[in-house]
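Residue-level structure breakdown
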2 protein chains.
Amino acid sequence: MSKIVIDLMGGDAGSEITIKAIKSYLNSVKIDENNDSFILVGDNKALESLSEVKDKPYIKLVKSKTVVAMDVDPMSALKDKESSLMVAVKELLDNDYDSIISAGSTGALLTASIFKIKRIEGVKRPGLITTLPTYIENKKTVMLDLGANLENTAEELAQFGLLGSIYYNLAFNEAKPKVFLLNNGTEEEKGRNEHKEAHQLLKNDSRINFVGNIEGREVLSGNADVVVSDGFSGNIFLKTTEGTVKLVTSLLKDAIYSSTKTKIAGLLLKSKMSEFKEKLNYKNIGGAMLIGVNKIVIKAHGSSDEKAFLSAIKLANDLGNKKLVEKVKEKLKENN
Amino acid sequence: MSKIVIDLMGGDAGSEITIKAIKSYLNSVKIDENNDSFILVGDNKALESLSEVKDKPYIKLVKSKTVVAMDVDPMSALKDKESSLMVAVKELLDNDYDSIISAGSTGALLTASIFKIKRIEGVKRPGLITTLPTYIENKKTVMLDLGANLENTAEELAQFGLLGSIYYNLAFNEAKPKVFLLNNGTEEEKGRNEHKEAHQLLKNDSRINFVGNIEGREVLSGNADVVVSDGFSGNIFLKTTEGTVKLVTSLLKDAIYSSTKTKIAGLLLKSKMSEFKEKLNYKNIGGAMLIGVNKIVIKAHGSSDEKAFLSAIKLANDLGNKKLVEKVKEKLKENN
């Protein structure tokens with residue numbers, strides 16, 4: 001029951017990866033031909049390599065001419081109506097599909113979402129949300145905003161608490177997700193003015209199960225379901241976790257390569273190490289979603305491999321089936 | 001040639017650890033009795049356990065009555081003149097010593113420093129600076145501000161670039177330290193207004209070797225000598241690295257304990273793993289320093305063990321010998 005538009009272009013690896021992921025998705029899930037459908041947007045070459053699926057009734061191929069550059073000025077990207085991104089956005093809106101996935105420029109996708117797909121009525125600012133691994137097996141935490149905004153008011157932060165709760169509830173079937181506010185200390189009066197005010201707003205919103213402030217060192221502990229952050233700090237947080245994982249794994253690799261004894265240890269650990277890397281791999285998450293606009297907008301990692309892009313398609317399908325956008329609209333109408 | 005005041009109290013483990021560290025320091029370095037000296041401040045019990053060194057000509061023991069609580073309101077801590085912290089600050093100033101070390105409340109130490117030790121003339125805002133490990137063997141990066149401030153203006157950020165450069169130059173003997181600005185993207189126009197303006201100020205300051213913006217994922221890469229950040233983001237950064245290291249090492253431990261084969265691997269890796277943990281251990285750094293006030297103020301970790309506190313004493317001695325405060329004063333007088 002999910003209708004998905006996919007921008008085949010963009011992404012560091014071009015359309016090859018996105019097409020492989022789509023084929024793998026179509027081969028691995030049971031398509032409901034009456035309800036599921038896909039619009040795939042790309043250049044001639046991309047569409048040609050989809051010839052084996054082009055006659056399926058649930059697939060529509062749409063041609064685009066250009067590709068938005070990764071470092072483009074987002075406003076000028078909006079003007080290039082023949083880019084795969086803007087053609088995909090137009091198809092999404094004209095055909096009233098549920099979701100769009102792109103691995104292209106984050107800035108262009110966010111700007112196109114805000115100006116064309118538009119905010120849900122009542123949403124102050126959309127936020128980028130993603131799922132994070134934690135110390136606890138199978139326990140996930142979601143965090144927003146990860147950088148759609150540079151600064152956020154207290155009211156915007158408090159609303160991220162609500163949006164994050166709805167997302168967590170649908171994605172992980174948790175009735176009352178535990179919400180925390182990223183801050184420089186756990187005490188109620190910590191942080192900049194917007195954090196202090198947001199703390200009070202979150203505490204007093206009956207739709208939100210707010211627990212309190214959380215520091216950077218505790219976000220991955222598994223205690224939180226939803227972590228609210230201003231966009232700048234959230235961006236710093238996310239990129240810092242990436243850099244730190246890289247530091248630790250590079251030091252570990254050095255340790256393993258340092259002697260014959262440790263190389264043997266490395267071999268014995270090999271399969272476990274791959275599992276371990278999988279747990280820390282953002283590719284298993286499927287990218288980030290812009291929550292608060294009228295469609296499900298998924299930003300797949302620019303460096304997406306097939307697996308990452310496949311996760312993005314699954315995420316779009318899952319959230320589309322669960323009617324995320326409608327749920328946000330309902331919840332915003334409830335009194336707080 | 002370094003005169004150090006040490007607050008023996010505070011810290012999660014009480015005076016036992018700090019005293020052990022001092023004894024170990026006195027036993028491991030060559031004291032220059034004409035130039036080196038120590039004022040050690042603590043309660044009766046702490047001073048009693050220092051009886052073996054109390055007659056040394058270069059040691060003065062001073063009694064304090066109370067201890068500042070870790071979660072104290074910093075301004076009220078200033079009023080408790082009999083606390084080990086406030087007695088230590090008084091001894092520092094009355095005797096014109098070079099540096100002070102405390103493992104107690106960060107807030108109280110910072111507040112006492114700003115109100116009693118006072119900013120160096122020309123310093124807009126002092127900043128907390130510390131040394132970080134990187135992917136590159138033996139290569140260190142320093143970062144400031146880590147949380148002495150909640151927000152910083154462009155001018156304050158630019159001055160952190162200068163203060164950080166002076167620190168790095170003295171600590172690591174690098175003539176032109178490479179300075180970066182922590183931001184949400186590498187492009188010049190990224191960030192909030194204060195980051196955009198700071199970028200330009202840093203670029204145009206001839207005393208600073210400014211390279212550009214840096215993202216959270218690159219801070220630990222070893223490319224930067226000095227990373228400038230506003231206090232809120234710096235605090236998020238530092239705590240996030242701690243939390244992520246904990247996540248990765250906890251997953252690694254799970255991997256090692258999962259089977260006999262991996263347990264054997266764990267044994268083979270054991271000594272390398274300790275080396276590896278050492279590299280990531282903030283205890284080897286000696287804590288953070290408040291740069292920009294008229295004395296060397298070192299905040300040892302609250303959870304300091306003997307080794308961590310020993311590093312803090314070595315750091316105080318090193319920066320005192322190298323006349324950090326005087327160097328800052330000189331550099332501020334140069335034209336930019």
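What comes next concerns the included structure. (Residues numbered from 1 in each chain as written. Chains lettered and ligands numbered in written order. Predicted model: local features only at pLDDT ≥ 70, side-chain atom pairs only at ≥ 80, totals over all residues. Heavy atoms only, no water.)

Taken as rigid bodies, chain A and chain B are interconverted by a rotation of 180° and an axial shift of 0.0 Å, the fit giving an RMSD of 0.0 Å. When the rotation and shift are considered jointly, the pair of chain copies conforms to a two-fold rotation axis. Looking at the rotation axis and the C-alpha trace of chain A, the residue lying nearest is Ala265 of chain A, at 2.0 Å. Of all interface residues in chain A, 100% are interface residues in chain B too; the two copies therefore contact each other through one and the same surface. (Least-squares fit on C-alpha atoms with pLDDT ≥ 70 in both. Contact = heavy atoms within 4.5 Å.)

Next up on the list: the side chain of Thr141 of chain A. All names here are of chain A. Looking at where Thr141 falls in the secondary structure, it is placed in strand S6 (residues 141–144). Within polar-contact distance, the side chain of Thr141 engages the backbone oxygen of Ala224 at 2.7 Å. Here Thr141 is in contact with Thr130, Thr131, Leu132, Thr134, Tyr168, Val219, Gly222, Ala224, Asp225 and Val227, once residues within four sequence places are set aside. (Helix = DSSP H or I, 4+ residues; strand = E, 2+ residues; numbered from the N terminus. Polar contact = N/O pair within 3.5 Å; in protein donor to acceptor, adjacent residues only side chain to side chain.)

Turning to the packing of aromatic side chains, a few remarks are in order. Following the criterion strictly, the structure yields 4 aromatic pairs over all chains and no others. An angle of 70° between the planes, with centres 5.9 Å apart, marks the rings of Tyr25 of chain A and Phe38 of chain A as edge-to-face. Residue Tyr25 of chain A is found in helix H1 (residues 15–28), and its partner Phe38 of chain A is found in strand S2 (residues 37–42); the two are separated by 13 residues along the sequence. Across this residue pair, the class does not change: Tyr25 of chain A and Phe38 of chain A are buried. Ring geometry for Tyr168 of chain B and Phe172 of chain B: centres 4.7 Å apart, planes at 40°, overall tilted. In this pair, Tyr168 of chain B and Phe172 of chain B are both assigned in helix H6 (residues 154–172), 4 residues apart and thus about one turn of the helix distant. On the basis of relative accessibility, which here comes to 4%, the residue Tyr168 of chain B falls in the buried class. Judged by relative accessible area, which is 33%, Phe172 of chain B ranks as partly exposed. When the ring centre of Tyr97 of chain A is taken as reference, the NZ or CZ atom of Lys3 of chain A above it lies at 5.9 Å. (Phe/Tyr/Trp six-rings, centres within 6.5 Å; stacked < 30°, edge-to-face > 60°. Buried < 20%, exposed > 50% of the residue type's maximum accessible area, 1.4 Å probe, protein only. Lys NZ or Arg CZ within 6 Å of the ring centre and 35° of its normal.)

Right, let's talk about the nonpolar core for a bit. Leu8, Phe38, Ile101 and Ile313 of chain B are the most contacted members of the largest nonpolar core, which has 59 residues in total. Here this core takes 10 residues from H6 of chain B, the largest share from any one element. Beyond its immediate sequence surroundings of up to four residues, Leu8 of chain B is in contact with Gly14, Ser15, Thr18, Ile19, Ile22, Leu40, Val41, Gly42, Ala46, Leu47 and Leu50 of chain B. In terms of nonpolar packing, the next biggest core, distinct from the first, is built from 58 residues, Tyr25, Ile120, Tyr167 and Leu181 of chain A among them. (Core = buried A, V, L, I, M, F, W, Y, C linked by side-chain atoms within 4.5 Å.)

Bringing the interface of chain A and chain B into the picture now. In this complex, chain A contributes 50 residues to the contact, which on the side of chain B involves 50 residues. In total, chain A and chain B occlude about 5,100 Å² of area from one another, counting both sides; carbon and sulfur atoms represent 70% of this. Of all residues in chain A, Tyr135, Arg192 and Phe232 of chain A give up the largest surface area on contact with chain B, accounting jointly for 15% of the area buried on that side. Taken together, chain A and chain B are joined by 6 salt bridges. A salt bridge links Arg217 of chain B to Glu242 of chain A, with the nearest nitrogen and oxygen atoms 3.1 Å apart. Summed over the shared surface of chain A and chain B, the result is 14 residue pairs in polar contact (both at pLDDT 80 or more). For the side of chain A that touches chain B, the elements supplying multiple residues, two or more each, are helix H8 (231–256) and helix H9 (260–280) of chain A. Take the side of chain A that touches chain B: its biggest share by element is 20 residues, from H8 of chain A. Here the side of chain A that touches chain B is composed, by residue class, of 22 nonpolar, 16 polar and 12 charged. (Buried area = accessible area lost by both parts, 1.4 Å probe. Salt bridge = Lys/Arg side-chain N within 4 Å of Asp/Glu carboxyl O. Nonpolar A, V, L, I, M, F, W, Y, C, P; charged D, E, K, R; others polar.)

Residue and element names in this part refer to chain A. Of all the positions in helix H11 (residues 324–333), only Leu324, Val325 and Val328 are classed as buried. Buried residues along H11 cover an arc of 100° about the axis, so they all sit on one side. Taken together, the buried residues of H11 touch helix H6 (154–172), strand S10 (288–291), strand S11 (296–299) and helix H10 (306–321). (Arc of directions from axis to C-beta.)

Once that is clear, we can look at the sheet that holds strand S5 (residues 127–132) of chain B. Residue and element names in this part refer to chain B. Taken together, the 11 strands give an open sheet; going across it, the order is S3-S2-S1-S4-S11-S10-S5-S6-S9-S7-S8, and neighbouring strands pair in mixed fashion. Looking at which strands have only one partner, the edges of the open sheet turn out to be strand S3 (59–63) and strand S8 (209–214). Strand after strand, the sheet turns through a mean of 25° between neighbouring axes, direction not considered. Here strand S6 (residues 141–144) pairs with strand S9 (residues 226–228) via 3 bridges, running parallel. The partner of Leu144 across the bridge, within S9, is Val228. Contacts from helix H5 (residues 106–117) reach strand S4 (99–102), S5, strand S10 (288–291) and strand S11 (296–299), with the element oriented near 170° to S11. Where helix H8 (residues 231–256) meets the sheet, it contacts S5, S6 and strand S7 (178–182), and its direction lies at approximately 30° from that of S5. (Pairing = 2+ DSSP bridges. Axes fitted to C-alpha atoms, helices over the stretch in contact; angles between N-to-C directions.)

Now for empty space enclosed by the protein. The gaps of empty space that remain are located by a probe, the size of a water molecule, rolled over the atoms. Residue and element names in this part refer to chain A. Inspection of every chain in the model, using the stated rule, returns 6 cavities of 30 Å³ or more. There is about 60 Å³ of room inside the largest cavity. Of all the secondary-structure elements, those providing two or more residues to the lining of the largest cavity are helix H4 (84–94) and helix H5 (106–117). (1 Å grid on protein atoms, 1.4 Å probe; cavity = no way out; pocket = protein on both sides within 12 Å on 5 of 7 lines; lining within 4 Å. Points joined across faces, edges and corners; volume = space filled by probe spheres on them.)

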